[in-house]
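# Fold and geometry: a report
Spelled out from the first residue to the last, the chains are:
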Amino acid sequence: MGETVLGSLSIFDPMFLGLDEAGEPVNVTLAERNLLIGGEPGSGKSVALNLIVAHAALSLDCMLVLVDGKRVELGVWAKCADTFVGPSIDEAIGVLNQLQAEMDTRYERLLAQGRRKIGRRDGVSVILAVFDEVAYFSATVGEPRQQKEFTALLRDLVARGRAAGVIVVAATQRPSADIIPTSLRDLFGYRWAFRCSTEASSDVILGHGWAQRGYCATDVDPAARGVGWLIAEGGIPRRVKSAFLSDADAADLAAYAARLRGKTHRDDAA
């Protein structure tokens with residue numbers, strides 16, 4: 001679907017995220033993967049999220065679900081998102097329940113068809129679910145039972161969603177074990193650690209032991225916004241400087257994506 005419309009992308013296409021230390025472009029394919037992003041405030045997480053959401057918004061084979069505890073980080077994309085949730089834990093849990101139900105329905109269809117996963121040529125939209133800020137829902141707002149329910153539903157989505165065409169991207173300013181439990185962190189195949197204040201926080205994102213091997217986000221200069229350690233293809237952290245997307249650029253891309261998606265929906269209806 002995304003291949004037939006001028007100016008659109010596909011969620012199965014590699015996403016350009018930035019440059020590595022050798023100046024080589026870093027492209028990551030998120031289809032059938034999940035990504036965890038962490039780092040202290042001002043380290044570059046928001047730009048990284050916007051790069052990913054921009055690609056997804058321009059991909060007409062992708063449904064876009066955005067959950068933003070602060071509302072302003074992803075709010076520019078609200079008009080081209082299929083679902084947008086602000087700082088409401090009840091609504092966030094509701095969306096997770098809907099995604100879980102859709103995931104189960106897709107697995108029932110795959111089982112009936114004797115297949116194991118959704119692919120690029122199946123004509124089924126991939127769902128990209130982006131969560132920023134995870135800590136707001138898992139440890140700050142709401143009652144403890146709601147926080148536990150949110151975390152359990154998110155864990156299930158990350159654990160089982162990939163083959164059903166559900167991708168999760170989650171970001172947090174507080175990379176600690178109480179926010180991102182090991183049982184959840186280890187389910188993310190891809191991880192991107194921006195500047196962290198402690199080695200333990202860096203390892204919460206990248207995985208235990210990487211700091212001792214020299215891959216530690218504490219070594220990122222606080223002034224070097226957008227620099228972080230990325231684990232993706234290859235399984236070894238790469239030091240990456242993310243591409244820069246200004247607020248004005250994001251607004252222009254969001255407006256274009258909204259028109260593109262609106263035109264496609266009208267054409268489909270016709």
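Each value, and the rule that gives it
Residues numbered from 1 in each chain as written. Predicted model: local features only at pLDDT ≥ 70, side-chain atom pairs only at ≥ 80, totals over all residues. Heavy atoms only, no water. Salt bridge = Lys/Arg side-chain N within 4 Å of Asp/Glu carboxyl O. Helix = DSSP H or I, 4+ residues; strand = E, 2+ residues; numbered from the N terminus. Buried < 20%, exposed > 50% of the residue type's maximum accessible area, 1.4 Å probe, protein only. Expected span 1.5 Å × (residues − 1). Contact = heavy atoms within 4.5 Å. Pairing = 2+ DSSP bridges. Axes fitted to C-alpha atoms, helices over the stretch in contact; angles between N-to-C directions. 1 Å grid on protein atoms, 1.4 Å probe; cavity = no way out; pocket = protein on both sides within 12 Å on 5 of 7 lines; lining within 4 Å. Points joined across faces, edges and corners; volume = space filled by probe spheres on them. Nonpolar A, V, L, I, M, F, W, Y, C, P; charged D, E, K, R; others polar. Phe/Tyr/Trp six-rings, centres within 6.5 Å; stacked < 30°, edge-to-face > 60°.

### Here we look at the pattern of salt bridges
Taken as a whole and judged by the stated rule, the model has 14 salt bridges. Between Lys117 and Glu32 there is a salt bridge whose closest N-O contact spans 3.2 Å. Taken together, the residues span a long stretch of sequence, with Lys117 in the loop between helix 2 (89–113) and strand 6 (126–132) and Glu32 in the loop between strand 2 (25–28) and strand 3 (35–38) at a distance of 85 residues. Taking the relative accessible area as the measure of exposure, Glu32 reaches 24% and is therefore partly exposed. Among the salt bridges present, the one from Asp219 reaches Arg239, with a minimum N-O distance of 3.2 Å. Of this pair, Asp219 sits in the loop between helix 6 (199–206) and strand 9 (227–231) while Arg239 sits in strand 10 (residues 238–242), and the two are 20 residues apart along the sequence. The exposure class assigned to Asp219 is partly exposed, which follows from its relative accessible area of 40%.

### Topic: helix 4 (residues 144–160)
Compared with an ideal rise of 1.5 Å per residue, which puts 17 residues at 24 Å, helix 4 spans 24 Å between its outermost C-alpha atoms and is within 8% of the ideal. For helix 4, every residue scored as buried is listed here: Gln146, Gln147, Phe150, Thr151, Leu153, Leu154, Asp156, Leu157 and Val158. Those residues of helix 4 hidden inside the fold are in contact with helix 2, strand 6, helix 3 (134–140), strand 7 (166–172) and helix 5 (182–185).

### Some thoughts on the sheet that holds strand 9
Spatially, 10 strands are ordered 2-1-10-9-8-3-7-6-4-5 in an open sheet, and the strand pairing comes out mixed. If you trace the sheet from one side to the other, it starts and ends with strand 2 and strand 5 (83–85), each paired once. The average angle at which neighbouring strand axes cross in this sheet is 25°, direction not considered. Both strand 1 (residues 15–20) and strand 10 contribute to a ladder of three bridges, which runs antiparallel. In the sheet register, Asp20 faces strand 10, and the bridge partner there is Val240. Against the sheet, helix 1 (residues 45–57) contacts strand 1, strand 3, strand 4 (62–68), strand 6, strand 7, strand 8 (190–194) and strand 10, and its axis sits at roughly 150° relative to strand 3.

### So, empty space enclosed by the protein
Over the atoms, a rolled probe matching the size of one water molecule traces out where space is still vacant. Per the stated rule, a full pass over the model turns up one cavity of 30 Å³ or more. Counted as a void, the largest cavity has a volume near 30 Å³. Taken together, Phe12, Ala31, Glu32, Ile118, Val126, Arg162, Gly165 and Ile167 make up the lining of the largest cavity. Residue composition of the lining of the largest cavity, by class: five nonpolar, one polar and two charged.

### Notes on the packing of aromatic side chains
What the rule picks out here adds up to six aromatic pairs. For the pair Phe131 and Phe150, a centre-to-centre distance of 6.1 Å together with 75° between the ring planes defines the contact as edge-to-face. Here Phe131 is found in strand 6, whereas its partner Phe150 is found in helix 4, with 19 residues between them in sequence. Of the residues examined, Phe131 reaches a relative accessible area of 1% and is grouped as buried.

On their own, these measurements won't tell you what the molecule is for.
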